[in-house]
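Analysis of the macromolecular model
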Amino acid sequence: MLGLENLEIIKQMQSEDMSVKEARNKLFSSEDRKKLPFQKPIHAPFWSLYLPFAMVTKPQARKLWLWGQSRKVHHWMRALLEGKPLFAKDLNLGQKNNTDSELAVSSPAPKPQHAYYRKVRAQQIGQLEPLSTCPVTRDSLHCQSVVNALESKQLLVCGMGGSSIGIEAIEKVLQREEGKSHPKTVLYLSTTDPSHLDWFLSTQLQEKTTTLVLISKSGSTWEVHRILEHVLSKKTPAFFEEIIAITEEGSKLWNHPSVTKQIPMHPGIGGRFSSSAILGEFLISYKFGKRCYEEFLEGACDMDAHALRDGPWENLPLSLALVRLCHTVFRQQTALCIAPYIESLSGWTSHVQQLEMESMGKSVDLFGKILPDQFSGPLIFGDTGPQCQHTYFQWIHQALKKSPVEFIAQVGHLKSSDIDVDQLSHVFGQMIALASGTENKQNPHKQMEGSRSSWLLATETMTAKSLGALLALYEHTVAFESFLLGVNAFDQEGVELGKKISSVLHQHLESDLLFSKIAPGEFLDTLDLDKLLNPTHKSSV
(Lines give C-alpha, C1' and ligand atoms only; values in the text may rest on other atoms or scores of the structure.)
Protein backbone atom coordinates (compact mmCIF):
# COMPACT_ATOMS: atom_id res chain seq x y z
CA MET A 1 0.00 0.00 0.00
CA LEU A 2 1.24 3.49 -0.81
CA GLY A 3 -0.17 5.05 2.34
CA LEU A 4 -1.89 8.38 2.97
CA GLU A 5 1.38 10.27 3.38
CA ASN A 6 2.41 9.23 -0.13
CA LEU A 7 -0.92 10.37 -1.57
CA GLU A 8 -0.09 13.82 -0.24
CA ILE A 9 3.23 13.72 -2.12
CA ILE A 10 1.35 12.87 -5.34
CA LYS A 11 -1.01 15.80 -4.79
CA GLN A 12 1.98 18.08 -4.18
CA MET A 13 3.65 16.91 -7.40
CA GLN A 14 0.44 17.43 -9.37
CA SER A 15 -0.10 20.95 -8.04
CA GLU A 16 3.45 22.28 -8.56
CA ASP A 17 5.30 23.38 -11.67
CA MET A 18 8.44 21.31 -11.08
CA SER A 19 11.52 21.47 -13.25
CA VAL A 20 13.49 18.25 -13.53
CA LYS A 21 16.15 19.82 -11.32
CA GLU A 22 13.56 20.41 -8.58
CA ALA A 23 12.18 16.90 -9.03
CA ARG A 24 15.71 15.54 -8.80
CA ASN A 25 16.17 17.22 -5.41
CA LYS A 26 12.85 15.84 -4.17
CA LEU A 27 13.43 12.32 -5.46
CA PHE A 28 17.12 11.94 -4.61
CA SER A 29 18.03 13.49 -1.30
CA SER A 30 21.43 12.81 0.25
CA GLU A 31 19.71 10.78 2.99
CA ASP A 32 18.05 8.52 0.40
CA ARG A 33 21.39 7.68 -1.21
CA LYS A 34 22.57 6.08 2.03
CA LYS A 35 19.66 3.65 2.31
CA LEU A 36 19.44 -0.03 1.35
CA PRO A 37 19.27 -0.85 -2.37
CA PHE A 38 15.94 -1.67 -3.96
CA GLN A 39 16.11 -5.36 -4.93
CA LYS A 40 12.56 -6.38 -5.73
CA PRO A 41 12.43 -8.41 -8.98
CA ILE A 42 9.68 -7.40 -11.39
CA HIS A 43 8.04 -10.28 -13.25
CA ALA A 44 6.03 -10.14 -16.48
CA PRO A 45 5.01 -12.68 -19.10
CA PHE A 46 8.25 -14.44 -20.21
CA TRP A 47 10.57 -11.74 -18.82
CA SER A 48 11.83 -10.52 -15.43
CA LEU A 49 13.80 -7.44 -14.39
CA TYR A 50 16.47 -7.68 -11.66
CA LEU A 51 17.79 -4.49 -10.05
CA PRO A 52 20.32 -5.31 -7.26
CA PHE A 53 23.08 -3.40 -9.10
CA ALA A 54 20.92 -0.56 -10.44
CA MET A 55 22.09 1.78 -7.65
CA VAL A 56 18.51 2.64 -6.72
CA THR A 57 17.69 2.70 -3.00
CA LYS A 58 14.33 1.80 -1.49
CA PRO A 59 13.31 5.43 -0.78
CA GLN A 60 14.34 6.44 -4.31
CA ALA A 61 12.32 3.55 -5.76
CA ARG A 62 9.26 4.62 -3.79
CA LYS A 63 9.58 8.24 -4.96
CA LEU A 64 10.21 7.22 -8.56
CA TRP A 65 6.99 5.21 -8.55
CA LEU A 66 5.07 8.12 -7.05
CA TRP A 67 6.47 10.38 -9.75
CA GLY A 68 5.13 7.93 -12.35
CA GLN A 69 1.72 7.93 -10.67
CA SER A 70 1.66 11.72 -10.65
CA ARG A 71 2.11 11.77 -14.43
CA LYS A 72 -1.05 9.67 -15.03
CA VAL A 73 0.93 7.26 -17.19
CA HIS A 74 -1.61 4.43 -16.89
CA HIS A 75 -4.30 6.66 -18.37
CA TRP A 76 -2.11 7.19 -21.42
CA MET A 77 -1.11 3.54 -21.72
CA ARG A 78 -4.76 2.50 -21.70
CA ALA A 79 -5.47 5.04 -24.45
CA LEU A 80 -2.53 3.72 -26.48
CA LEU A 81 -3.72 0.11 -26.17
CA GLU A 82 -7.21 1.17 -27.26
CA GLY A 83 -5.90 3.11 -30.26
CA LYS A 84 -7.17 6.46 -28.98
CA PRO A 85 -5.51 9.87 -29.50
CA LEU A 86 -3.00 10.94 -26.85
CA PHE A 87 -3.96 14.52 -25.96
CA ALA A 88 -1.35 16.69 -24.26
CA LYS A 89 -4.02 18.32 -22.10
CA ASP A 90 -4.77 14.91 -20.50
CA LEU A 91 -1.22 14.49 -19.19
CA ASN A 92 -0.10 16.18 -15.98
CA LEU A 93 3.28 17.75 -16.74
CA GLY A 94 3.38 20.22 -13.89
CA GLN A 95 2.21 22.90 -16.37
CA LYS A 96 -1.23 23.75 -15.03
CA ASN A 97 -1.17 27.18 -16.66
CA ASN A 98 -1.00 25.67 -20.13
CA THR A 99 -3.61 22.91 -19.98
CA ASP A 100 -6.46 25.15 -21.14
CA SER A 101 -4.40 27.25 -23.53
CA GLU A 102 -4.78 27.38 -27.29
CA LEU A 103 -1.37 25.68 -27.58
CA ALA A 104 -2.54 22.72 -25.49
CA VAL A 105 -5.66 22.31 -27.59
CA SER A 106 -3.74 22.52 -30.87
CA SER A 107 -0.76 20.46 -29.72
CA PRO A 108 -0.05 17.17 -31.52
CA ALA A 109 -2.43 14.36 -30.64
CA PRO A 110 -0.55 11.26 -31.78
CA LYS A 111 -2.71 8.22 -32.38
CA PRO A 112 -0.34 5.25 -32.51
CA GLN A 113 -2.12 2.10 -33.65
CA HIS A 114 0.49 -0.67 -33.29
CA ALA A 115 -0.73 -2.17 -29.99
CA TYR A 116 -4.40 -1.77 -30.93
CA TYR A 117 -3.74 -3.44 -34.28
CA ARG A 118 -2.25 -6.55 -32.69
CA LYS A 119 -5.04 -6.67 -30.11
CA VAL A 120 -7.68 -6.75 -32.86
CA ARG A 121 -5.59 -9.15 -34.95
CA ALA A 122 -5.18 -11.53 -32.00
CA GLN A 123 -8.91 -11.50 -31.23
CA GLN A 124 -9.81 -12.88 -34.66
CA ILE A 125 -7.38 -15.83 -34.43
CA GLY A 126 -9.37 -19.04 -34.23
CA GLN A 127 -12.64 -17.50 -35.34
CA LEU A 128 -14.41 -19.71 -37.86
CA GLU A 129 -15.65 -16.73 -39.85
CA PRO A 130 -13.47 -13.65 -39.24
CA LEU A 131 -15.28 -10.37 -39.80
CA SER A 132 -13.99 -9.28 -43.20
CA THR A 133 -15.55 -5.85 -42.63
CA CYS A 134 -12.95 -5.10 -39.92
CA PRO A 135 -10.01 -3.30 -41.63
CA VAL A 136 -7.41 -5.14 -39.56
CA THR A 137 -8.94 -8.53 -40.31
CA ARG A 138 -9.44 -7.65 -43.98
CA ASP A 139 -5.79 -6.63 -44.36
CA SER A 140 -4.63 -9.75 -42.50
CA LEU A 141 -6.70 -12.06 -44.70
CA HIS A 142 -5.32 -10.35 -47.80
CA CYS A 143 -1.76 -10.63 -46.45
CA GLN A 144 -2.17 -14.36 -45.78
CA SER A 145 -3.60 -14.92 -49.27
CA VAL A 146 -0.51 -13.24 -50.78
CA VAL A 147 1.80 -15.37 -48.61
CA ASN A 148 -0.04 -18.58 -49.51
CA ALA A 149 0.23 -17.83 -53.22
CA LEU A 150 3.99 -17.22 -53.12
CA GLU A 151 6.13 -20.00 -54.52
CA SER A 152 9.40 -18.08 -54.25
CA LYS A 153 12.22 -19.62 -52.25
CA GLN A 154 13.75 -16.20 -51.68
CA LEU A 155 12.56 -12.73 -50.72
CA LEU A 156 14.57 -9.59 -51.40
CA VAL A 157 13.29 -7.01 -48.89
CA CYS A 158 14.06 -3.35 -49.64
CA GLY A 159 13.24 -0.93 -46.85
CA MET A 160 14.88 1.75 -44.73
CA GLY A 161 15.05 2.22 -40.96
CA GLY A 162 11.99 0.87 -39.20
CA SER A 163 10.88 -0.90 -42.34
CA SER A 164 13.81 -3.31 -42.07
CA ILE A 165 15.83 -3.04 -38.82
CA GLY A 166 13.23 -4.45 -36.41
CA ILE A 167 11.93 -7.25 -38.59
CA GLU A 168 15.47 -8.28 -39.57
CA ALA A 169 16.39 -8.56 -35.87
CA ILE A 170 13.26 -10.65 -35.24
CA GLU A 171 13.99 -12.93 -38.16
CA LYS A 172 17.51 -13.61 -36.80
CA VAL A 173 16.07 -14.77 -33.48
CA LEU A 174 13.43 -17.01 -35.00
CA GLN A 175 15.93 -18.46 -37.48
CA ARG A 176 18.20 -19.63 -34.63
CA GLU A 177 15.78 -20.36 -31.84
CA GLU A 178 12.99 -22.24 -33.60
CA GLY A 179 15.33 -25.20 -34.01
CA LYS A 180 14.37 -26.01 -37.60
CA SER A 181 15.99 -25.71 -41.00
CA HIS A 182 14.08 -23.29 -43.20
CA PRO A 183 14.20 -23.73 -46.99
CA LYS A 184 13.13 -20.13 -47.60
CA THR A 185 15.56 -17.23 -47.29
CA VAL A 186 15.03 -13.52 -46.73
CA LEU A 187 17.64 -11.03 -47.94
CA TYR A 188 17.64 -7.38 -46.87
CA LEU A 189 18.78 -4.44 -48.94
CA SER A 190 18.84 -0.98 -47.35
CA THR A 191 21.51 0.99 -49.17
CA THR A 192 21.63 3.11 -52.29
CA ASP A 193 25.38 2.63 -52.70
CA PRO A 194 25.55 1.67 -56.41
CA SER A 195 28.68 -0.49 -56.08
CA HIS A 196 27.08 -2.57 -53.33
CA LEU A 197 23.83 -2.80 -55.25
CA ASP A 198 25.66 -4.05 -58.34
CA TRP A 199 27.56 -6.68 -56.33
CA PHE A 200 24.40 -7.77 -54.52
CA LEU A 201 22.28 -8.09 -57.65
CA SER A 202 24.95 -10.02 -59.55
CA THR A 203 25.79 -12.53 -56.80
CA GLN A 204 22.86 -13.02 -54.41
CA LEU A 205 19.69 -13.49 -56.45
CA GLN A 206 18.11 -16.46 -58.19
CA GLU A 207 16.06 -15.84 -61.31
CA LYS A 208 12.34 -16.76 -61.23
CA THR A 209 12.56 -17.90 -57.60
CA THR A 210 12.96 -14.45 -56.01
CA THR A 211 10.20 -12.04 -55.00
CA LEU A 212 11.08 -8.38 -54.59
CA VAL A 213 9.38 -6.76 -51.57
CA LEU A 214 9.38 -2.95 -51.29
CA ILE A 215 8.51 -1.46 -47.89
CA SER A 216 7.69 2.18 -47.24
CA LYS A 217 4.75 3.30 -45.11
CA SER A 218 4.38 6.63 -46.89
CA GLY A 219 5.29 5.10 -50.24
CA SER A 220 7.50 8.10 -50.96
CA THR A 221 10.74 7.07 -49.24
CA TRP A 222 13.35 8.33 -51.67
CA GLU A 223 15.87 5.54 -50.96
CA VAL A 224 13.34 2.77 -51.66
CA HIS A 225 12.44 4.27 -55.02
CA ARG A 226 16.12 4.69 -55.83
CA ILE A 227 16.80 1.02 -55.01
CA LEU A 228 13.86 -0.04 -57.17
CA GLU A 229 15.11 2.11 -60.03
CA HIS A 230 18.58 0.58 -59.76
CA VAL A 231 17.26 -2.98 -59.48
CA LEU A 232 15.10 -2.58 -62.58
CA SER A 233 18.04 -1.12 -64.51
CA LYS A 234 19.92 -4.38 -63.90
CA LYS A 235 17.06 -6.90 -63.79
CA THR A 236 13.85 -6.77 -65.76
CA PRO A 237 10.56 -7.19 -63.87
CA ALA A 238 10.29 -10.63 -65.46
CA PHE A 239 13.35 -11.70 -63.43
CA PHE A 240 11.19 -11.72 -60.28
CA GLU A 241 8.25 -13.97 -59.53
CA GLU A 242 6.44 -11.01 -57.96
CA ILE A 243 7.16 -7.40 -57.03
CA ILE A 244 5.18 -6.66 -53.87
CA ALA A 245 4.71 -3.23 -52.27
CA ILE A 246 3.88 -3.00 -48.54
CA THR A 247 2.77 0.60 -48.18
CA GLU A 248 -0.17 2.92 -47.51
CA GLU A 249 -3.04 2.37 -49.90
CA GLY A 250 -2.94 4.77 -52.83
CA SER A 251 0.66 5.90 -52.23
CA LYS A 252 3.23 6.53 -54.95
CA LEU A 253 4.76 3.10 -54.33
CA TRP A 254 1.32 1.45 -54.30
CA ASN A 255 0.69 2.78 -57.81
CA HIS A 256 4.14 2.01 -59.24
CA PRO A 257 3.70 0.29 -62.63
CA SER A 258 6.21 -2.47 -61.84
CA VAL A 259 4.40 -3.56 -58.66
CA THR A 260 2.35 -6.72 -59.18
CA LYS A 261 0.73 -6.99 -55.73
CA GLN A 262 0.09 -4.60 -52.85
CA ILE A 263 -0.34 -5.12 -49.10
CA PRO A 264 -1.68 -2.09 -47.18
CA MET A 265 0.21 -0.64 -44.20
CA HIS A 266 -1.84 1.14 -41.56
CA PRO A 267 -1.11 4.91 -41.67
CA GLY A 268 -1.15 5.06 -37.85
CA ILE A 269 1.69 2.56 -37.41
CA GLY A 270 5.17 4.03 -37.78
CA GLY A 271 7.95 1.95 -39.29
CA ARG A 272 9.73 1.34 -35.98
CA PHE A 273 6.46 0.03 -34.48
CA SER A 274 5.47 -2.11 -37.46
CA SER A 275 7.19 -5.43 -36.68
CA SER A 276 4.14 -6.97 -35.04
CA ALA A 277 1.67 -5.54 -37.58
CA ILE A 278 1.21 -6.34 -41.27
CA LEU A 279 4.94 -6.18 -42.01
CA GLY A 280 5.72 -8.77 -39.35
CA GLU A 281 2.76 -10.91 -40.36
CA PHE A 282 3.91 -11.07 -43.97
CA LEU A 283 7.59 -11.82 -43.36
CA ILE A 284 7.24 -14.14 -40.35
CA SER A 285 4.38 -16.07 -41.97
CA TYR A 286 6.33 -16.42 -45.21
CA LYS A 287 9.45 -17.89 -43.64
CA PHE A 288 8.27 -19.58 -40.44
CA GLY A 289 4.54 -20.12 -41.00
CA LYS A 290 1.33 -18.49 -39.85
CA ARG A 291 1.38 -20.33 -36.51
CA CYS A 292 4.77 -18.85 -35.64
CA TYR A 293 3.46 -15.34 -36.27
CA GLU A 294 0.40 -16.01 -34.12
CA GLU A 295 2.59 -17.20 -31.24
CA PHE A 296 4.77 -14.11 -31.65
CA LEU A 297 1.61 -11.98 -31.58
CA GLU A 298 0.33 -13.83 -28.50
CA GLY A 299 3.51 -12.99 -26.57
CA ALA A 300 3.24 -9.32 -27.53
CA CYS A 301 -0.42 -9.19 -26.46
CA ASP A 302 0.44 -10.77 -23.10
CA MET A 303 2.91 -7.94 -22.48
CA ASP A 304 0.29 -5.40 -23.64
CA ALA A 305 -2.08 -6.62 -20.93
CA HIS A 306 0.70 -6.58 -18.34
CA ALA A 307 1.53 -2.94 -19.20
CA LEU A 308 -1.75 -1.86 -17.53
CA ARG A 309 -0.77 -3.15 -14.08
CA ASP A 310 -0.66 -0.29 -11.59
CA GLY A 311 0.74 -1.85 -8.40
CA PRO A 312 4.03 -0.36 -7.13
CA TRP A 313 6.90 -1.85 -9.16
CA GLU A 314 4.68 -4.58 -10.64
CA ASN A 315 4.61 -3.18 -14.19
CA LEU A 316 7.78 -4.24 -16.04
CA PRO A 317 7.86 -1.70 -18.91
CA LEU A 318 7.03 1.17 -16.55
CA SER A 319 9.65 -0.05 -14.06
CA LEU A 320 12.26 -0.22 -16.80
CA ALA A 321 11.33 3.29 -17.96
CA LEU A 322 11.65 4.65 -14.41
CA VAL A 323 15.05 3.00 -13.88
CA ARG A 324 16.32 4.33 -17.20
CA LEU A 325 15.13 7.88 -16.53
CA CYS A 326 16.53 7.71 -13.01
CA HIS A 327 19.95 7.50 -14.64
CA THR A 328 19.61 9.37 -17.91
CA VAL A 329 17.61 12.36 -16.68
CA PHE A 330 18.00 12.66 -12.93
CA ARG A 331 21.64 11.50 -12.81
CA GLN A 332 22.39 12.92 -16.25
CA GLN A 333 24.11 9.79 -17.53
CA THR A 334 23.31 10.47 -21.15
CA ALA A 335 24.13 7.10 -22.75
CA LEU A 336 22.79 3.58 -22.20
CA CYS A 337 24.50 0.37 -23.27
CA ILE A 338 22.30 -2.56 -24.38
CA ALA A 339 24.21 -5.84 -23.99
CA PRO A 340 22.32 -9.02 -24.97
CA TYR A 341 24.12 -12.21 -23.90
CA ILE A 342 21.92 -14.19 -26.27
CA GLU A 343 23.65 -14.52 -29.62
CA SER A 344 20.42 -14.69 -31.61
CA LEU A 345 19.71 -11.12 -30.42
CA SER A 346 22.71 -9.88 -32.42
CA GLY A 347 20.52 -7.36 -34.27
CA TRP A 348 18.49 -6.28 -31.25
CA THR A 349 20.59 -3.29 -30.19
CA SER A 350 20.13 -1.71 -33.63
CA HIS A 351 16.36 -2.06 -33.28
CA VAL A 352 16.43 -0.55 -29.76
CA GLN A 353 18.62 2.28 -31.04
CA GLN A 354 16.06 3.29 -33.60
CA LEU A 355 13.05 2.68 -31.35
CA GLU A 356 14.48 4.74 -28.49
CA MET A 357 16.41 7.46 -30.28
CA GLU A 358 13.93 8.21 -33.06
CA SER A 359 11.11 8.29 -30.49
CA MET A 360 12.81 10.15 -27.62
CA GLY A 361 15.35 12.31 -29.43
CA LYS A 362 13.26 15.46 -28.88
CA SER A 363 13.88 18.96 -27.54
CA VAL A 364 10.31 20.16 -26.94
CA ASP A 365 7.39 18.70 -25.01
CA LEU A 366 3.85 18.13 -26.25
CA PHE A 367 3.01 21.78 -25.63
CA GLY A 368 5.87 22.87 -27.91
CA LYS A 369 7.91 24.18 -24.98
CA ILE A 370 11.67 23.63 -24.75
CA LEU A 371 12.35 20.77 -22.33
CA PRO A 372 13.66 22.44 -19.17
CA ASP A 373 16.93 21.33 -17.58
CA GLN A 374 16.89 17.93 -19.21
CA PHE A 375 17.24 15.97 -22.39
CA SER A 376 14.58 13.52 -23.38
CA GLY A 377 16.25 10.24 -24.18
CA PRO A 378 19.64 8.51 -24.05
CA LEU A 379 22.11 7.71 -26.75
CA ILE A 380 21.86 3.93 -27.21
CA PHE A 381 24.88 1.81 -28.04
CA GLY A 382 25.97 -1.79 -27.57
CA ASP A 383 26.27 -5.23 -29.13
CA THR A 384 26.06 -8.86 -28.08
CA GLY A 385 27.86 -9.53 -24.80
CA PRO A 386 31.14 -11.04 -26.01
CA GLN A 387 31.56 -8.20 -28.52
CA CYS A 388 30.70 -5.58 -25.88
CA GLN A 389 33.32 -6.99 -23.52
CA HIS A 390 36.05 -6.33 -26.07
CA THR A 391 34.77 -2.98 -27.34
CA TYR A 392 32.55 -0.80 -25.13
CA PHE A 393 33.17 -2.23 -21.68
CA GLN A 394 36.62 -0.68 -21.22
CA TRP A 395 34.99 2.74 -21.63
CA ILE A 396 32.11 1.78 -19.32
CA HIS A 397 34.47 0.56 -16.56
CA GLN A 398 36.97 3.43 -16.51
CA ALA A 399 35.76 6.48 -18.43
CA LEU A 400 35.01 9.57 -16.37
CA LYS A 401 31.46 9.72 -17.77
CA LYS A 402 29.28 6.96 -16.35
CA SER A 403 26.91 4.92 -18.49
CA PRO A 404 24.51 2.25 -17.17
CA VAL A 405 24.28 -1.18 -18.83
CA GLU A 406 21.10 -3.08 -19.64
CA PHE A 407 21.99 -6.78 -19.77
CA ILE A 408 19.72 -9.31 -21.49
CA ALA A 409 20.22 -13.01 -20.72
CA GLN A 410 18.63 -16.44 -20.87
CA VAL A 411 18.55 -18.24 -17.52
CA GLY A 412 16.37 -21.28 -18.13
CA HIS A 413 18.80 -24.07 -18.94
CA LEU A 414 21.63 -23.91 -16.42
CA LYS A 415 21.72 -27.68 -15.94
CA SER A 416 21.53 -28.59 -19.59
CA SER A 417 24.11 -26.35 -21.24
CA ASP A 418 27.63 -25.27 -20.32
CA ILE A 419 27.24 -22.38 -22.75
CA ASP A 420 24.48 -20.87 -20.61
CA VAL A 421 26.72 -21.17 -17.55
CA ASP A 422 29.53 -19.42 -19.45
CA GLN A 423 27.24 -16.59 -20.56
CA LEU A 424 25.73 -16.05 -17.12
CA SER A 425 29.18 -16.10 -15.52
CA HIS A 426 30.14 -13.20 -17.77
CA VAL A 427 26.88 -11.34 -17.12
CA PHE A 428 27.08 -11.61 -13.33
CA GLY A 429 30.83 -11.01 -13.34
CA GLN A 430 30.46 -7.80 -15.34
CA MET A 431 27.62 -6.56 -13.15
CA ILE A 432 29.64 -7.14 -9.97
CA ALA A 433 32.78 -5.57 -11.47
CA LEU A 434 30.85 -2.49 -12.63
CA ALA A 435 29.32 -2.02 -9.21
CA SER A 436 32.34 -2.79 -6.99
CA GLY A 437 35.35 -1.73 -9.06
CA THR A 438 38.79 -2.38 -7.62
CA GLU A 439 41.38 -0.42 -5.70
CA ASN A 440 45.03 -0.45 -6.78
CA LYS A 441 47.18 2.23 -5.18
CA GLN A 442 50.38 0.93 -6.77
CA ASN A 443 49.06 1.12 -10.35
CA PRO A 444 46.41 3.80 -11.04
CA HIS A 445 45.85 2.34 -14.52
CA LYS A 446 44.24 -0.66 -12.83
CA GLN A 447 42.18 1.46 -10.46
CA MET A 448 38.43 1.27 -11.12
CA GLU A 449 35.99 3.43 -9.21
CA GLY A 450 33.00 1.10 -9.51
CA SER A 451 29.55 2.50 -8.72
CA ARG A 452 28.53 1.82 -12.32
CA SER A 453 24.87 0.86 -12.56
CA SER A 454 23.46 -2.13 -14.41
CA TRP A 455 20.32 -4.24 -14.44
CA LEU A 456 19.26 -7.54 -15.98
CA LEU A 457 16.36 -8.54 -18.21
CA ALA A 458 16.08 -12.33 -18.09
CA THR A 459 13.98 -14.99 -19.78
CA GLU A 460 13.88 -18.75 -19.38
CA THR A 461 14.05 -19.44 -23.10
CA MET A 462 13.85 -17.61 -26.41
CA THR A 463 10.73 -18.59 -28.35
CA ALA A 464 8.34 -16.83 -30.69
CA LYS A 465 6.18 -15.92 -27.68
CA SER A 466 9.01 -14.56 -25.53
CA LEU A 467 10.34 -12.62 -28.52
CA GLY A 468 6.91 -11.03 -29.09
CA ALA A 469 6.80 -10.11 -25.41
CA LEU A 470 10.29 -8.59 -25.62
CA LEU A 471 9.27 -6.48 -28.61
CA ALA A 472 6.19 -5.15 -26.78
CA LEU A 473 8.24 -4.61 -23.61
CA TYR A 474 10.64 -2.26 -25.38
CA GLU A 475 7.86 -0.47 -27.25
CA HIS A 476 5.96 0.17 -24.01
CA THR A 477 9.12 1.20 -22.15
CA VAL A 478 9.66 3.94 -24.73
CA ALA A 479 5.97 4.90 -24.53
CA PHE A 480 6.16 5.20 -20.73
CA GLU A 481 9.32 7.31 -21.03
CA SER A 482 7.48 9.67 -23.36
CA PHE A 483 4.48 9.84 -20.98
CA LEU A 484 6.76 10.60 -18.02
CA LEU A 485 8.61 13.38 -19.84
CA GLY A 486 5.66 14.63 -21.87
CA VAL A 487 7.14 14.29 -25.37
CA ASN A 488 5.68 12.94 -28.61
CA ALA A 489 7.37 9.57 -29.20
CA PHE A 490 5.49 8.93 -32.43
CA ASP A 491 6.93 11.49 -34.84
CA GLN A 492 10.41 12.05 -36.29
CA GLU A 493 10.54 15.55 -37.69
CA GLY A 494 14.36 15.63 -37.69
CA VAL A 495 14.40 12.61 -39.98
CA GLU A 496 11.79 14.19 -42.24
CA LEU A 497 13.82 17.42 -42.61
CA GLY A 498 16.94 15.49 -43.58
CA LYS A 499 15.02 13.48 -46.19
CA LYS A 500 13.40 16.61 -47.60
CA ILE A 501 16.73 18.40 -48.09
CA SER A 502 18.38 15.25 -49.46
CA SER A 503 15.74 14.86 -52.15
CA VAL A 504 16.22 18.48 -53.25
CA LEU A 505 20.01 18.11 -53.17
CA HIS A 506 19.75 14.95 -55.26
CA GLN A 507 18.23 16.92 -58.11
CA HIS A 508 21.05 19.52 -57.96
CA LEU A 509 23.78 16.90 -57.73
CA GLU A 510 22.40 14.83 -60.55
CA SER A 511 22.29 17.79 -62.94
CA ASP A 512 25.45 19.66 -61.91
CA LEU A 513 27.80 16.71 -61.45
CA LEU A 514 26.44 14.74 -64.39
CA PHE A 515 27.40 17.51 -66.79
CA SER A 516 30.71 18.28 -64.98
CA LYS A 517 29.70 21.82 -64.17
CA ILE A 518 31.50 21.66 -60.84
CA ALA A 519 33.91 19.44 -58.91
CA PRO A 520 32.20 17.30 -56.24
CA GLY A 521 34.42 18.69 -53.48
CA GLU A 522 33.35 22.25 -54.28
CA PHE A 523 29.63 21.53 -54.49
CA LEU A 524 28.72 22.61 -50.93
CA ASP A 525 30.40 26.01 -51.39
CA THR A 526 28.04 26.83 -54.27
CA LEU A 527 24.77 26.07 -52.48
CA ASP A 528 22.25 28.80 -51.76
CA LEU A 529 21.13 27.41 -48.37
CA ASP A 530 18.35 29.96 -47.95
CA LYS A 531 16.80 28.91 -51.25
CA LEU A 532 17.40 25.23 -50.50
CA LEU A 533 15.70 25.33 -47.08
CA ASN A 534 12.89 27.63 -48.28
CA PRO A 535 12.13 26.68 -51.89
CA THR A 536 9.28 29.22 -52.16
CA HIS A 537 11.42 32.06 -50.78
CA LYS A 538 13.26 34.15 -53.36
CA SER A 539 16.82 34.71 -52.28
CA SER A 540 18.26 38.21 -52.58
CA VAL A 541 21.65 36.80 -53.52
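Structure first, text after, so check above.
Right, let's walk through the structure included here.

Reading guide: rules and limits
Residues numbered from 1 in each chain as written. Predicted model: local features only at pLDDT ≥ 70, side-chain atom pairs only at ≥ 80, totals over all residues. Heavy atoms only, no water. Axes fitted to C-alpha atoms, helices over the stretch in contact; angles between N-to-C directions. Helix = DSSP H or I, 4+ residues; strand = E, 2+ residues; numbered from the N terminus. Parallel < 35°, antiparallel > 145°, perpendicular 65-115°, else oblique. Left-handed = near helix turned anticlockwise from the far one by under 90°. Contact = heavy atoms within 4.5 Å. Nonpolar A, V, L, I, M, F, W, Y, C, P; charged D, E, K, R; others polar. Pairing = 2+ DSSP bridges. Core = buried A, V, L, I, M, F, W, Y, C linked by side-chain atoms within 4.5 Å. Buried < 20%, exposed > 50% of the residue type's maximum accessible area, 1.4 Å probe, protein only. Phe/Tyr/Trp six-rings, centres within 6.5 Å; stacked < 30°, edge-to-face > 60°. Lys NZ or Arg CZ within 6 Å of the ring centre and 35° of its normal.

A short note on the packing of helix α8 (residues 165–177) against helix α11 (residues 278–288)
One can describe the packing of α8 onto α11 by two numbers: an axis separation of 11 Å at closest approach and a directional angle of 30°. By the criterion of interaxial angle, the relationship of α8 to α11 is roughly parallel. In this structure, α8 meets α11 at a crossing whose hand is right-handed. Taken together, the residues of α11 that come into contact with α8 (itself represented by I167, I170, E171, L174 and Q175) are L279, G280, L283, I284, K287 and F288. For the contact of α8 with α11, the per-class residue count stands at seven nonpolar, two polar and two charged.

Digging into the sheet that holds strand β5 (residues 210–216)
Strand order in this open sheet of five strands is β4-β3-β5-β6-β7, and the pairing throughout is parallel. Pairing within the sheet leaves two strands with one partner each, and these edge strands are β4 (185–189) and β7 (261–264). Recorded for the sheet is a direction-independent mean angle of 20° between the axes of neighbouring strands. Bridge count between strand β6 (residues 243–247) and β7: four bridges; the pairing is parallel. Looking at β7, one finds that I244 is bridged to K261. Here α11 sits on the sheet in contact with β3 (154–158), β4, β5, β6 and β7, set at roughly 155° to β3.

Here's the deal with the nonpolar core
Nonpolar side chains tend toward joint burial in soluble globular proteins. Of all hydrophobic cores here, the largest spans 104 residues; its most connected members are I246, F282, W313 and W348. Of the residues forming this core, the biggest block, 14 residues, is contributed by helix α18 (residues 464–485). Apart from residues lying up to four places away in sequence, F282 is in contact with C143, V146, V147, L150, L155, V213, I244, I246 and I263. Ranked by size, the runner-up nonpolar core spans 20 residues in total, among them L212, L214, F240 and L253.

Thoughts on unusual backbone geometry
The backbone of W313 shows a phi angle near 55°, a positive value even though the residue is not glycine. Here W313 is to be found in the loop between α12 (290–306) and α13 (316–330). Overall, the relative accessible area of 4% leaves W313 in the buried class. For S451, which is not glycine, the phi torsion reads 55° and is therefore positive.

Some words on the packing of aromatic side chains
Aromatic rings considered in pairs are described by the distance between their centres and by the relative angle of their planes. Under the definition given, this model contains 13 aromatic pairs. A ring pair is formed by W67 and F330, whose centres lie 5.0 Å apart and whose planes are at 70°; its orientation type is edge-to-face. With W67 in helix α3 (residues 58–70) and F330 in helix α13, this residue pair connects regions lying 263 residues apart in the sequence. Neither residue differs from the other here; W67 and F330 are each classed as buried. Between W76 and F483, the ring centres sit 5.0 Å apart and the planes meet at 65°, which makes this aromatic pair edge-to-face. Note that W76 is positioned in helix α4 (residues 73–81) and F483 in helix α18, a separation of 407 residues in sequence. Across the pair, F483 and W76 agree in class, each one buried. Among the aromatic side chains, those forming a connected cluster through ring pairs are F38, W65 and W313. Cation over ring: K184 sits above Y286, and NZ or CZ is 4.7 Å from the ring centre.

Considering α11
Buried residues dominate α11, accounting for 11 of its 11 residues. For α11, every residue scored as buried is listed here: I278, L279, G280, E281, F282, L283, I284, S285, Y286, K287 and F288. Immediately beyond the C-terminal end of α11, within one or two residues, lies G289, with a positive phi of roughly 100°.

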